[in-house]
Structure formats: C-alpha cells, structure tokens
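Below are the chains, spelled out letter by letter.
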Amino acid sequence: MNGRPELDRFLATDPRDVGCAKAMELLHVYAELVAAGGPAEQRYPGIAAHLRACGPCGEDFDGLLAAVHGDTH
Amino acid sequence: MPGWPYLGSIVTVGENGTLRGTPVTAARLDAESAEWLRALTGAGSQREAALARLHELLVRIARGEVRRRGPRLRITGPELDDLAYQAAADAMLAITAKVGQFRGESRFTTWAYKFVIFDVSAKIGRHFWRNPAVPLDAEDWDRLPGRFGFEPAQEAEWRDLLAALRRAMDEVLTPRQRQVFVAIVLNDVPLDSLVLSLASNRNAIYKTLFDARRKLRVALAANGYIGDDPSRSS
C-alpha cells in the first residue's frame, strides 16, 4: 500500500515549526537569504520546518523567491 | 544582488520622512533601498514618480505570480489579469501605509514583493468560494485514498487504516479541529479559502490543523497503524 508513507508524512509535525505568522513576518528575509545562497535553513530552522509543512506559506515563499530571482537574473 | 551579510540592519522612517537608525543608519541599506525610502517618504513630484514606479513593479510581480500559479487555478484569462491588478493596488496601499515599518532586513523591493505575493494568495483564496467544488460541511471520504496515494488494488490493506483514522477523528479531535481537518483534507478546501469562511486567519487555521495532525498521529501510532513520529523521538 503506497499511501501509508504519505499519510505518515502528512500527520508528522515538527516541533520547530514556527507557524504562519512568524514565517510570514520574516519571509522576505528568508527568501533573500535563500536567493543569496546563504544558510537560511540553519539560521531559521523553524521557518524552514514551517515552509515544508504549510502549503500556502510554501507557495508564497516560492512566489517571493521567483520574484527575487526575476530581479537578479 | 546584495547578499545576506547586511541582514539585521534596523532602519526606521520618522513621521517627517527622515531615516532613524537604531542602531544602524540608512548607510547600511543598499543604495537602491535607501533611494526607495527617500523617495516614498518625501513629497512632490519625486514621490509621485516613485509611487508610479512602485505600482509598475508590483503589477509586474503580481502578473508573474498569477501566471506561475495559473495552471493550478480555476481562473484564467482576463480574470487572472484583473486579480493581478487588484492585488497590486491593494499591496500598493499597504506598502505606502507601512513604509515606516521597513526595517532594512532585506532589500526594499523584496519586502514590497512580499505584500503583493500575500495579496495574490488572499485573492485566490477568496475566488474559491465563487464556485466551490463541495459544500463546506460535506465529508468526502471517497477522495481520501487518492489524496494519500492508496492504490485501489490494495484496498484490503488500507481500508483498516482509514477506518482507524476516521475513528480517531471522532474520538480525539475537538469539533473545531475536526471541522478544519474535514474541510482541508477531505474536501480539499484551500487553507486561505477556509480562513475566509471561518472568519479566521492563516496562522490560527494552520495551528488548528497542526494540532489535529499531531493528535491523529499519536492515536494511530498508539494502535500500531503507523510508526512513532521520528521528529519527537530525539
């Protein structure tokens, strides 16, 4: 049954997850750090954990990163 | 582009448009961001020109963002373009109202883009309710096997697991957690859309779903249906 690992992953929660409010507050800082090749995940593990788990914030992050990259490429 | 070493610069803009550094001054900003701040907090034709330039920039970012998300949306053509223009207009208002809160932690444009990206998200969330695929209070259990990639040929194996999940939902979730879990997981309501229908905010709904996931996982693990959460074992 292939679905068990997917359900397992979905139900898993990371205690470092900072939640949407904090992630949204610092998203511009995090995105710029990622775009610059900086240690974003090490510096902000709680935001990294959140972006992996939260679809809407992950989508916003992807969009912001694309916008930043569009400025630089 | 400017790299991450300048992160942490704290710059505020006074009511008269002057920059106050605490403790870092505007000199720590990259030149382009400092110019944006100077122009937007100034007056006259320079401010008007900066506002026009900012609007143009926000429209470009909003259009790029709706194009990026477009293939996954039930919105197309002129409607998608309208959404981008509305998002840019709303972001413009928010940015000009909050420019004094820009702390120089990133380039000014990155900070500004964040507003328009959030506005695109919010407008897409709102659009969902124009033609929702399912009523909010429905419970579409049939979609769950597909949602988690359970194969029909192996139904005998996963039927028990899903029955246990359903029992756990009834036994361990609060009514609010159940409502949020059903809407997002069973009915595929986007989180941002659910935020609107429950008059809540993204953080609160995410936290409710987070707690529901954690409780369901504990319940399923206690009965041997799935393993212990590896993130909690250390």
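Everything numeric here is computed off the predicted structure, so don't read it as measured data. (Residues numbered from 1 in each chain as written. Chains lettered and ligands numbered in written order. Predicted model: local features only at pLDDT ≥ 70, side-chain atom pairs only at ≥ 80, totals over all residues.)

Visitor: Would you explain the overall build of chain A in this entry?
Guide: When helices and strands are counted, chain A shows six helices and zero strands. In terms of overall dimensions, chain A has C-alpha extents of about 45 × 25 × 20 Å along its principal axes. Looking at chain A as a whole, 48% of its 73 residues qualify as buried. Considering only contacts within chain A whose residues lie at least 6 apart along the sequence, 71% involve residues at least 24 apart. (Helix = DSSP H or I, 4+ residues; strand = E, 2+ residues; numbered from the N terminus. Buried ≥ 20, exposed ≤ 12 C-beta atoms within 10 Å, placed from the backbone. Contact = placed C-beta atoms within 7 Å.)

Visitor: How do you make sense of the overall build of chain B when you look at a structure like this?
Guide: Along the backbone of chain B there are nine helices and two strands. When its helices and strands are written in sequence order, chain B yields β-β-α-α-α-α-α-α-α-α-α. With 234 residues in all, chain B has 32% of them scored as buried. Within chain B, contacts between residues at least 6 apart in sequence are counted, and of these 66% link residues at least 24 apart.

Visitor: What is the right way to read the interface of chain A and chain B from this model?
Guide: How big an interface is tends to be expressed through the accessible area that disappears when the partners come together. Taken together, the 39 residues of chain A in the interface contact 43 residues of chain B. Those elements that provide at least two residues to the side of chain A that touches chain B are helix H1 (3-11), helix H2 (20-25), helix H3 (27-35) and helix H6 (55-72) of chain A. In terms of residues, the side of chain A that touches chain B owes the most to one element, H6(A), which gives twelve residues. Per-class residue counts for the side of chain A that touches chain B are 20 nonpolar, ten polar and nine charged. (Nonpolar A, V, L, I, M, F, W, Y, C, P; charged D, E, K, R; others polar.)

Visitor: Looking at this model, I keep getting lost on the environment of Asp160(B). Mind explaining?
Guide: By the secondary structure assignment, Asp160(B) is in helix H6 (residues 155-172). Each C-alpha atom, one on Asp160(B) and one on Leu83(B), is 44 Å from the other, the two residues being 77 residues apart in sequence.

Visitor: I'm lost on the domain arrangement of chain B in this one. Help?
Guide: All names here are of chain B. Here the domain parsing of chain B yields domain 1 (4-128) and domain 2 (141-232). The interface of domain 1 with domain 2 comprises six residues on the first partner and five residues on the second. Each residue belonging to the side of domain 1 that touches domain 2 can be placed in one class, and the counts come to three nonpolar, two polar and one charged. (Domains from an automatic or database assignment.)

Visitor: Mind showing me how you'd approach H3(A) here?
Guide: Spacing of three or four residues puts side chains on the same side of an α-helix, whose turn is 3.6 residues. All names here are of chain A. Extensive coverage of H3 is indicated by the burial of nine of its nine residues. Of all the positions in H3, only Leu 27, His 28, Val 29, Tyr 30, Ala 31, Glu 32, Leu 33, Val 34 and Ala 35 are classed as buried. Positive backbone phi, at 75°, marks Gly 37, one or two positions downstream of H3.

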